[in-house]
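Overview (structure and organization)
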Amino acid sequence: MPVEHDAPCVAILGTCDTKLDELLYVRTHLLETHHVRVKLIDVGRTPGTHPAIDITQPSVLAMSFIRPNDQHTAPLRPEDISQLPRAQLVSTLASRAAPLVASLAATHDLHGFVALGGSGGSALAAAVMRRLPLGFPKLLVSTMAAGDVRPLVGEADVALLYSVVDIAGLNDILRPILENAAGAIAGMARAYQARLNRETVAAVPTSVGEGERCRRKRIGITMFGVTTPAVTRARGLLEQYGCTPYVFHATGAGGRAMEQLVSQGFFDGVLDLTTTELADELVGGVLSAGPHRLEAAARAGVPQVVSLGALDMVNFGPRASVPERFLSAGRTLHEHNASVTLMRTTREECAELGRTIARKLREAGARRENTEVWVPRGGVSALDREGEAFWDPDADAALVEALREELQAEKDEEKRVNVVERRENINDSAFVEGMISSLARMMQLQLADGS
């Protein structure tokens, strides 16, 4: 059965000088079993010459692009990279392949992307995948997929498939894995193409400006298990305003993903209810979102309501993984489950977290008109209630006092962010309703018909 001209197209990326047989095996199954179109992209150190290669290594190197500092990069030749150290080779090829693949995806000439790699090839392919939009199918068959995959995935929706054996010769273990990979990416590519077709039809406006007016407002929300009741209530309220909520699990990667999407202009508003990742960054927990958490919305001028969700805790793995310095200090621990141990933040840490939140908002350019901080005096999580494991009014008070003091240091009245204190716990309905009402006011939202 021949491949139809309008069938989805899948890019296969790999080093054709070391993994050609495996790449061709995937290519054959995509063409002959799944009947999709294929573009084989060579990113090897030495250029491949097989006629099945659609985009050669010299063509990849010939790509030029604009660096963030507005410097234009010149095209390269194969001899320019032949002697580069491995790490530099990977970064150089990735920097050329990424804009090439991204441009093909942007024009809908590609509908899926699959790559095969060991450590270096996986790093190269993952860098390319992270340049592709969310929702675009990305599958990486890797020898590295069974370890710490954070460097590969980042904040992208990359699907990983462990190769079990090295991608170094076809055998009875690797063949079915590669066949599964071909089937998976072909199915994803067909689903993506169908979605594009549906969205193209649905996006045609009947009058000028109607498309933007009819789009539901997008609201980013942060959540943890101990703030789930609050987020569940917030979602229901936002839907009454005709908004689409996007909930991010505050596990480090979740916070980074939301910050990135905010900076890209994806969201119309933010309910940053769960800022717990700041505690992990300060104290040394395992769920830090890095040094730039809680900055994107203020920099972009996106309306936001910020709260103090789960700042009563720092996250570790199993109890045995908690650093000895905390155990010997007699810190309060709570076993959330067999894999997660929570540690209560101290009064001193809470005070520093309050100052951190205030400084971040001020330095990122938050303004009174589009930012508020809501303080739940009844506790910042489900564990921070009277009688619960992390109830500590003194630590919570230190958090709030430091936050207020630092925010009040702003001399410009328009930049002095308003702090709203309420007696409820963060998960209480009245507290959540107040936050949503405030966000709706800043965004000038109206209740949808029938709400």
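Residues numbered from 1 in each chain as written. Predicted model: local features only at pLDDT ≥ 70, side-chain atom pairs only at ≥ 80, totals over all residues. Heavy atoms only, no water.

**A closer look at the sheet that holds strand β11 (residues 333–337)**
With antiparallel pairing, 3 strands are arranged side by side in an open sheet as β10-β12-β11. With one partner strand each, in any of the chains shown, β10 (313–316) and β11 form the two edges of the open sheet. Geometrically, the sheet is characterised by an average inter-axis angle of 30° between neighbouring strands, direction not taken into account. One ladder, built from 4 bridges, connects β10 with strand β12 (residues 340–344); its direction is antiparallel. Directly across from M313, in β12, lies its bridge partner R344. (Pairing = 2+ DSSP bridges. Helix = DSSP H or I, 4+ residues; strand = E, 2+ residues; numbered from the N terminus. Axes fitted to C-alpha atoms, helices over the stretch in contact; angles between N-to-C directions.)

**A few points about helix α15 (residues 393–408)**
In this model α15 runs 22 Å from its N-terminal to its C-terminal C-alpha over 16 residues, within 8% of the 22 Å that 1.5 Å per residue would give. Within α15, the full set of buried residues consists of A395, D396, A397, A398, L399, V400, A402, L403, E406 and L407. Where α15 is buried, its residues contact β12, α14 (347–363), β13 (371–376) and β14 (418–422). (Expected span 1.5 Å × (residues − 1). Buried < 20%, exposed > 50% of the residue type's maximum accessible area, 1.4 Å probe, protein only. Contact = heavy atoms within 4.5 Å.)

**Concerning the confidence of the model for the chain**
Of the residues in the chain, 94% reach a pLDDT of 70 or more, and the chain-wide mean stands at 93. Note on residues 206–211: pLDDT under 50 across the span, and 4 contacts to partners over four residues away in sequence or across chains. (pLDDT = per-residue confidence, 0-100.)

**Overview of the packing of α14 against α15**
Across the interface, α14 lies against α15 with an axial gap of 7 Å and an inter-helix angle of 30°. Our classification of the angle between α14 and α15 gives roughly parallel. α15 is crossed by α14, and the crossing has right-handed handedness. Contacts between α14 and α15 pair R347, C350, A351, L353, G354, R355, I357, A358, R359 and R362 from the former with D394, A395, A398, L399, E401, A402, L403, E406 and L407 from the latter. Looking at side-chain class alone, the contact of α14 with α15 contains 11 nonpolar, 1 polar and 7 charged residues. (Parallel < 35°, antiparallel > 145°, perpendicular 65-115°, else oblique. Left-handed = near helix turned anticlockwise from the far one by under 90°. Nonpolar A, V, L, I, M, F, W, Y, C, P; charged D, E, K, R; others polar.)

**As for the side chain of E372**
With respect to the secondary-structure elements, E372 resides in strand β13. A distance of 2.9 Å separates a polar atom in the side chain of E372 from a polar atom in the side chain of W374. In this view, E372 contacts Q304, V305, V306, V417, N418, V420, S438, R441 and M442; residues no more than four positions away in its chain are not counted. (Polar contact = N/O pair within 3.5 Å; in protein donor to acceptor, adjacent residues only side chain to side chain.)

**Quick word on the pairing of strand β3 (residues 112–117)**
Burial analysis of β3 places 6 of its 6 residues in the buried class, the great majority of the element. Every second residue of β3 is oriented toward a common face, with G112, V114 and L116 on one face and F113, A115 and G117 on the other, all of them buried. Alignment of strand β1 (residues 9–14) against β3, held across 4 bridges, turns out to be parallel. Along β3, the bridge assignment pairs I12 with V114. Since β3 and strand β4 (residues 138–142) lie parallel, the crossover through helix α5 (residues 119–129) that links them has a hand, and here it is right-handed. (Right-handed = clockwise from strand over helix to strand, strands pointing away.)

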